[in-house]
Amino acid sequence: MRHLDIILLQQFYSETDTEVIAQLVAHLYQGDILLAVQEALTWLQGTWGFAVVHQLHPDQIVVASKDSPVTVGIDLLGGQAFIASDRKAFGQQALTVVRLQNNDCALVKATGITLWREGKLHTPQAVDWQGIPTDDLGHKAGYAHFMWKEIMDQPQSIMQGLEGRFEACARHVLLSELETLKEQLLGVKRLVFLGCGSSYHAGQIGAALCEEMLQLPAQAEVASEFRYRTPLIEGETLAICISQSGETRDVIAACQEAQRLGALVVALCNVNHSTLEHLACATVSVRAGAEVSVCATKSFTSQVVTIVLLLLHLATVKGIRSARMDQLMQGLQGLTLAVETVLAQAPAVAACAGEARRFSRFFFLGRCYMAMACAEAALKLREVGYADVYALPSGEMKHGAIALVDSSTLVIGFCGHAHVRKQMYSNLMEVQARGASVVLCSPEDEEMRSELWWGRFVFPANDDVLDPIMYVIFGQMFAYHYALQSGFLIDCPRNLAKSVTVE
Ligand code: F6R
């Protein structure tokens, strides 16, 4: 047992755990900052990604990483070095970028990087960043906020996700990233989708589609729950870990747990070269382009598109062919046009969101895939609008939540599916009868005249599984304008981070 008789003698100045590392390094320092950090690492438990500077060594930064992303960018010509958790922070700088791996420690100077791996000197490998379009790195393109830019990007980001993977005429889907897994995919009997926040909502749509189209049992699970319960993962389970950043701590842990239990793990990431990508057997790129605003928008819609492609690919590998698949492919073909129809309604959505600030409680109600869209739309309004928002499958209302409904309530009904529209209308009438104001979002329906509702939006009907994309985009625009007109911060809402790399 080793002893470290120091901590009690040190005075702590903050309440963050990071200070423990600073105190430890300071205690072990004997003139060489690198040696002090290397010794400190032998005492640490948990996860970390940190950079240490010392006033006596202004030309040196020592960095270390374990289960947390640390990226170093070196500008050899300019004599500069940069350190960040995400390469996006370096903007368009032409840099040699090195990503630290688990337990790496490195000394960074303006002249270069010296890397230690498993106690030995290691030649750093520069990452190839060509996959990222440089014009997509951190520019608002004239918009006031990244969130609005990213909402408006969606016809383009969806198209990017389909390019080269989906041939509309041939009705053919091919994900080259999964080519090497053909044999394993053939044997897949069950799917589990793992993610957090918006990525979890995308997984819910995936699980429902999997059962509907492939008749394979599937479930979506919040990664932070999956990692701590005792999930039943039988052989031949495909675990799909979904993460925009690929750095979310709980998703990484869930991925490791799924692997330990014998699942075949495929990652779905938007950011390339992420930790999740390194762990998974294969990664399908979501191709939404850089998403800077904390609130996920285009990454969510591209995740849904990528999941649809992945399931169509799986069906092809398994030799499954059905009319439903053809229908879905037709839906993919019409998707960007449908999305543009929703975006064109931005002025009306802005007016509605402004008026909606007089309500103190919000409900998003839907059924089937629309219930999943409701969960995602509600998350947006909560994140940037700090509003008291609930999302429920509308049939659940009468089992409790309806007790909250009064004249201060705004209910937004997502009535996208024809087969449950009658039930949806009847649920909306119920809340209206109890004093709530209702915004109805649905395809054109002559019976549902505008004057019946406080607000009315008409979206085209394309395909049941893809239509949530349109309704979610409405929710994104509503949340943005609600926050904007309330004077809230948009791109960096309080208490939130773009990637949650801690538990
Ligand atoms: C929602 C949002 C978060 C993320 C969640 C997962 O707008 O931004 O809920 O979806 O933190 O992040 P990723 O997808 O990076 O794992």
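Bear in mind that the values here come from a model prediction, so they are computed numbers and not experimental data.

(A) Representation of the overall build of the protein in the model. Of the regular secondary structure elements, the protein holds 16 helices and 20 strands. Relative to the 2.2 N^0.38 estimate, which gives 23 Å for 503 residues, the radius of gyration of the protein is 25 Å and therefore close to what a compact globule would have. Referenced to the eigenvectors of the C-alpha coordinate spread, the extents of the protein come out at roughly 80 × 55 × 45 Å. Taken over 503 residues, the protein has a buried fraction of 55%. Looking at the protein alone, contacts between residues at least 24 apart form 69% of all its contacts between residues at least 6 apart. Put simply, the protein shows about 22,000 Å² of open surface, and 52% of that area lies on carbon and sulfur atoms. Taking the 38 positively charged and 52 negatively charged side chains of the protein as two groups, their mean positions are separated by 3 Å.

(B) Just the side chain of Thr 297, in detail. Examined against the element boundaries, Thr 297 turns out to sit in the loop between strand S15 (282-285) and helix H10 (298-317). For Thr 297, a relative accessible area of 0% puts it in the buried group. Once you skip the residues sitting within four places of it in the chain, Thr 297 turns out to touch Met 147, Glu 150, Ile 151, Gln 154, Glu 291 and Gln 476.

(C) Spotlight on the domain arrangement of the protein. Looking at the assigned domains, one finds that the protein contains domain 1 (3-134), domain 2 (144-333) and domain 3 (346-486). A separation of 47 Å is found between the C-alpha centroids of domain 1 and domain 3.

(D) Representation of the sheet that holds strand S1 (residues 48-52) in the model. Spatial ordering of the open sheet is given by S1-S2-S6-S7-S8, a layout of five strands whose pairing is antiparallel. Because the sheet does not close on itself, it has two edges, and the strands there are S1 and strand S8 (120-122). Pairs of neighbouring strands in the sheet enclose a mean axial angle of 20°, with direction left out of account. Examined bridge by bridge, strand S6 (residues 104-109) and strand S7 (residues 112-117) share five bridges and lie antiparallel to one another. Its bridge partner being in S7, Leu 107 is matched across the sheet by Thr 114.

(E) Expanded view of the pairing of strand S4 (residues 80-84). Both strand S3 (residues 71-75) and S4 contribute to a ladder of five bridges, which runs antiparallel. Bridge assignment links Asp 75 to a residue of S4, and that residue is Gln 80. Linkage of S3 to S4, two consecutive antiparallel strands, is achieved through a turn of four residues, within which Gly 79 is found at a positive phi near 65°.

(F) Here's a closer look at the pattern of salt bridges. Under the definition given, this model contains 18 salt bridges. Two residues, Lys 298 and Asp 153, come together in a salt bridge whose shortest N-O distance is 3.0 Å. Here Asp 153 lies in the loop between helix H3 (146-152) and helix H4 (154-162) and Lys 298 lies in helix H10, a separation of 145 residues in the sequence. A relative accessible area of 18% places Asp 153 in the buried class. When salt bridges with common partners are traced through the structure, they connect Lys 149, Asp 153 and Lys 298 into a single cluster.

(G) Inspection of the environment of Asp 86 at higher detail. Mapped onto the secondary structure, Asp 86 falls in the loop between S4 and strand S5 (96-99). Owing to a relative accessible area of 22%, Asp 86 belongs among the partly exposed residues under this scheme.

(H) Highlighting the environment of Arg 249. On the secondary structure map, Arg 249 appears in helix H8 (residues 249-260). With relative accessibility at 8%, the residue Arg 249 sits in the buried group. For the pair Arg 249 and Leu 268, spaced 19 residues apart in sequence, the C-alpha separation works out to 15 Å. Apart from residues no more than four positions distant in its own chain, Arg 249 is found in contact with Thr 47, Asp 67, Arg 227, Gln 256, Val 500, Thr 501, Val 502 and Glu 503.

(I) A look at the site of the ligand. Neighbouring the ligand are 14 residues; Ser 199, Ser 243, Thr 248, Lys 380 and Glu 383 lie closest to it. Between the ligand and Ala 296, the relevant distance is 2.9 Å, taken from an oxygen atom to a main-chain nitrogen or oxygen of the residue. In isolation the ligand has 400 Å² of accessible area, and contact with the protein removes 90% of it. Along the lines of polarity and charge, the residues of the shell around the ligand split into five nonpolar, seven polar and two charged. Both domains that furnish three or more residues to the shell around the ligand are identified here as domain 2 (144-333) and domain 3 (346-486).

(J) Local environment of the packing of aromatic side chains. If you walk through the whole model with that rule in mind, you get twelve aromatic pairs. Considering the side-chain rings of Phe 359 and Trp 454, the 5.2 Å spacing of their centres and the 85° angle between planes classify their relative orientation as edge-to-face. Residue Phe 359 is located in the loop between helix H13 (346-355) and strand S16 (361-366), and its partner Trp 454 is located in the loop between strand S19 (437-442) and strand S20 (455-458); the two are separated by 95 residues in the primary sequence. Ring geometry for Phe 459 and Phe 474: centres 5.8 Å apart, planes at 55°, overall tilted.

Conventions used here
Residues numbered from 1 in each chain as written. Predicted model: local features only at pLDDT ≥ 70, side-chain atom pairs only at ≥ 80, totals over all residues. Heavy atoms only, no water. Helix = DSSP H or I, 4+ residues; strand = E, 2+ residues; numbered from the N terminus. Rg over C-alpha atoms; globule rule 2.2 N^0.38 Å. Buried < 20%, exposed > 50% of the residue type's maximum accessible area, 1.4 Å probe, protein only. Contact = heavy atoms within 4.5 Å. Areas by Shrake-Rupley, 256 points an atom, 1.4 Å probe, with all protein chains shown as cover. Lys, Arg positive; Asp, Glu negative; His and termini not counted. Charge placed at Lys NZ, Arg CZ, Asp CG, Glu CD. Domains from an automatic or database assignment. Pairing = 2+ DSSP bridges. Axes fitted to C-alpha atoms, helices over the stretch in contact; angles between N-to-C directions. Salt bridge = Lys/Arg side-chain N within 4 Å of Asp/Glu carboxyl O. Near = heavy atom within 4 Å. Polar contact = N/O pair within 3.5 Å; in protein donor to acceptor, adjacent residues only side chain to side chain. Nonpolar A, V, L, I, M, F, W, Y, C, P; charged D, E, K, R; others polar. Phe/Tyr/Trp six-rings, centres within 6.5 Å; stacked < 30°, edge-to-face > 60°.

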